[in-house]
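If you want the building blocks of each chain, they are given just below.
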Amino acid sequence: MDRIRGPILATIAAVREALANDGIRRLELIWSIGTAAEAALLVVLLVVVYAQDGVVAAGVLGAIRMGPAVVAGTLAGNVVRRFGGQRVLVSLGVVRAITAGLVAVVVAASLPTILLYALAMIGAVAAAPVRPAAATLMPGIARSPAELVAANMTWGTGEGLGTFAGPFLAGLLIATGEPALAAAAIAIAFVVTAWIAIGLRFEHSMDAIGGTRQGPGSGVIEGLRALRRRRVLRWGVLGVYGQVVTRGLLNPLLVVASIELLGMGEGGVGLLSAALGLGGLFGAIFAVAAARPNRLILTQSAALAYWGAPIAVIGLVASPGIALAAMVVTGIANAVYDVAIITIFQRGATNQERAAVFSLFEGVAGFGLVTGSLLAPVLLAAFGPNGALAITGAILPILALVIYAFIGREDRVSVVDEELVALVRSVGVFSALPLTAVERLASGMTPLAAPAGQVLMREGEAGETFVIVASGDVEVSVAGQPMQRLGPGSGFGEIALLRRSPRTATVTALTDVTGFEVGADTFACAVSGPASTAISEQIAASNLSRGAALPASAGTAAGA
């Protein structure tokens with residue numbers, strides 16, 4: 001019982017931590033509601049097209065949806081950097097709402113299905129940039145690696161809920177003969193995502209465009225360069241391709257399996273898709289424990305294997321109950337895999353590369369869906385429903401073994417030193433910084449080493465740096481009188497930088513000290529956001545009012 005309760009409690013704590021952040025909460029709602037609406041819209045389109053034009057048309061629909069979306073996904077980074085994440089997400093929500101509304105009109109008026117193909121393409125193009133845009137923006141809102149993992153886990157939970165609720169509700173409406181009403185409800189859901197995106201706020205302007213203005217930072221070429229530099233990213237992208245090919249195969253195969261193999265009828269398509277989403281909800285319970293930084297590669301590989309194997313089971317044992325259970329298992333694996341792979345890409349890419357990597361990620365995902373959608377009719381024609389499902393299910397377990405064989409021994413995914421990030425986060429003036437700002441700050445710091453007795457800052461001198469202590473102890477004195485002793489995780493020097501005044505205290509190394517110096521410009525940039533400015537000014541004012549006599553503890557700043 002404790003083995004189950006532990007992950008549940010960890011999940012609840014992670015969700016609470018992530019959703020306490022307004023920016024994360026908004027991104028999660030945009031993704032969750034959008035996922036539900038997109039999954040529901042796909043069910044409506046597949047059922048209507050299949051009923052009128054057959055299984056080949058359903059496969060073609062998938063290819064038509066995702067072909068142009070490949071291009072749109074690869075351009076997401078450029079679009080975010082040019083127009084800003086908030087504006088992009090609002091605009092995409094509006095376009096998706098209009099598209100779903102037009103689908104409702106076409107279905108209700110029994111207009112030619114060719115219009116549904118066109119609308120499916122437009123909707124997919126508008127949907128493609130949402131994931132790379134949100135994933136790129138997330139590190140600019142999350143304040144620590146742990147909060148980022150928690151946000152990704154909550155993302156997976158929302159996706160699971162959306163993948164369950166959207167198709168389930170769409171299936172109910174379709175079963176009652178109201179597909180047009182389902183499409184209309186979907187349009188309203190997309191409007192809600194646009195409204196939520198309007199309230200997005202960022203601590204720094206750079207975080208609103210993906211974390212940096214420097215370097216190419218976006219586009220397929222820079223994404224490919226990042227993959228060439230780090231093999232963890234290369235193999236991760238291959239895993240994504242395999243997963244989305246399988247997903248592209250699964251979409252039309254579920255329609256055929258529900259109607260021809262399992263005897264569940266058209267409404268069964270929604271039930272099977274809902275089971276996949278329900279598994280995502282269960283999977284989120286274990287995602288936090290599974291997606292630890294030191295086991296991300298193992299988690300990625302195991303999740304891929306469990307993603308595919310249940311699909312093969314459906315082909316081998318054609319039973320509605322087993323099919324629903326298999327989809328739940330695949331949904332669990334999908335939730336765990338999403339947390340692992342998104343965290344790998346977020347932590348395995350620098351601020352300059354992240355938008356490019358996620359643009360490439362989306363392009364590969366779109367291309368994989370096209371590949372899967374086109375392969376589905378081929379496999380069905382050659383091997384029948386049972387054989388097609390068995391072959392589809394075998395792809396990911398084989399790929400998982402290959403990936404783990406090549407990168408299973410990697411012990412570090414992050415491109416930045418997690419201990420250094422934790423050290424920066426422990427300093428009070430930097431406590432409100434998002435992860436992207438912490439990484440920018442860490443990259444601009446200079447290592448410091450001082451022997452015992454060396455004066456690090458002298459009262460009355462001009463202030464040009466802020467110092468973070470990594471090891472050792474220092475003494476803060478005012479007018480020759482010792483005021484406090486600081487150790488690892490402490491920082492000092494902010495008063496002179498914030499007030500543009502001389503040093504207010506002398507800081508001397510009591511033992512051999514190591515740490516980092518932060519230049520005035522880097523410091524000013526780091527604390528320029530509204531929350532950081534308020535915290536740093538509060539600390540500086542407190543230090544001044546008390547003569548810099550603060551208790552000696554990690555996470556404090558000593559003034560100077």
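Scope of this entry: the structure provided in the associated data block. (Residues numbered from 1 in each chain as written. Predicted model: local features only at pLDDT ≥ 70, side-chain atom pairs only at ≥ 80, totals over all residues. Heavy atoms only, no water.)

**Comments concerning the nonpolar core**
Moving on, step 1. Counting residues in hydrophobic clusters, the biggest one holds 111 residues, and the most contacted among them are Phe345 and Phe430.
Moving on, step 2. In terms of residue count, helix H15 (residues 351-407) provides more of this core than any other element does, 17 residues in total.
Moving on, step 3. With sequence-adjacent residues up to four places away left out, phenylalanine 430 is seen in contact with Val424, Arg425, Leu441, Phe466, Ile468, Phe523, Ala526 and Val527.
Moving on, step 4. Core analysis: the second largest hydrophobic core is formed by 36 residues, Ala37, Val106, Val107 and Ile186 among them. (Core = buried A, V, L, I, M, F, W, Y, C linked by side-chain atoms within 4.5 Å. Buried < 20%, exposed > 50% of the residue type's maximum accessible area, 1.4 Å probe, protein only. Helix = DSSP H or I, 4+ residues; strand = E, 2+ residues; numbered from the N terminus. Contact = heavy atoms within 4.5 Å.)

**Concerning the sheet that holds strand E6 (residues 491-492)**
Moving on, step 1. Pairing within the open sheet is antiparallel, and its 4 strands lie in the order E1-E8-E3-E6. Looking along the sheet, the strands with just one partner apiece sit at the ends: strand E1 (445-450) and E6.
Moving on, step 2. Relative to E6, strand E3 (residues 465-471) runs antiparallel, the two sharing 2 bridges. Paired with valine 467 across the strands is phenylalanine 492, a residue of E6.
Moving on, step 3. Sitting on the sheet, helix H16 (residues 418-425) is in contact with E1, E3 and strand E8 (513-519), with an inclination near 120° to E3. (Pairing = 2+ DSSP bridges. Axes fitted to C-alpha atoms, helices over the stretch in contact; angles between N-to-C directions.)

**Observations concerning helix H14 (residues 320-348)**
Moving on, step 1. Helix length check: H14 (29 residues) gives 41 Å between terminal C-alpha atoms against 42 Å at 1.5 Å per residue, within 8%.
Moving on, step 2. In terms of residue burial, H14 counts as a mostly covered element, since 22 of its 29 residues are buried. (Expected span 1.5 Å × (residues − 1).)

**Focus: the environment of leucine 249**
Moving on, step 1. Along the polypeptide, leucine 249 turns up in helix H11 (residues 231-261).
Moving on, step 2. Remark: the alpha-carbon pair of leucine 249 and leucine 369, spanning 120 residues in sequence, is separated by 7.6 Å.
Moving on, step 3. Sequence-distant contacts of leucine 249, defined by excluding residues within four places in its chain, comprise Gly372, Ser373, Leu375, Ala376, Leu379, Thr392 and Ile395.

**Some details on the pairing of E3**
Moving on, step 1. As defined by bridge partners, E3 adjoins E8 across 6 bridges and the pair is classed as antiparallel. Within E8, the position partnered with threonine 465 by the bridge is glycine 519.

**Quick notes on the sheet that holds strand E4 (residues 474-478)**
Adjacent strands of a sheet pair through backbone hydrogen bonds, lying either parallel or antiparallel.
Moving on, step 1. Taken in spatial order, the 4 strands of this open sheet run E2-E7-E4-E5, and their pairing is antiparallel. Every other strand in the sheet has two partners, leaving strand E2 (455-457) and strand E5 (481-486) as the edge strands with one partner each. Ignoring which end each strand starts from, the neighbouring axes of this sheet average 30° apart.
Moving on, step 2. One ladder, built from 2 bridges, connects E2 with strand E7 (residues 506-509); its direction is antiparallel. The residue bridging methionine 457 from the neighbouring strand is valine 507, located in E7.

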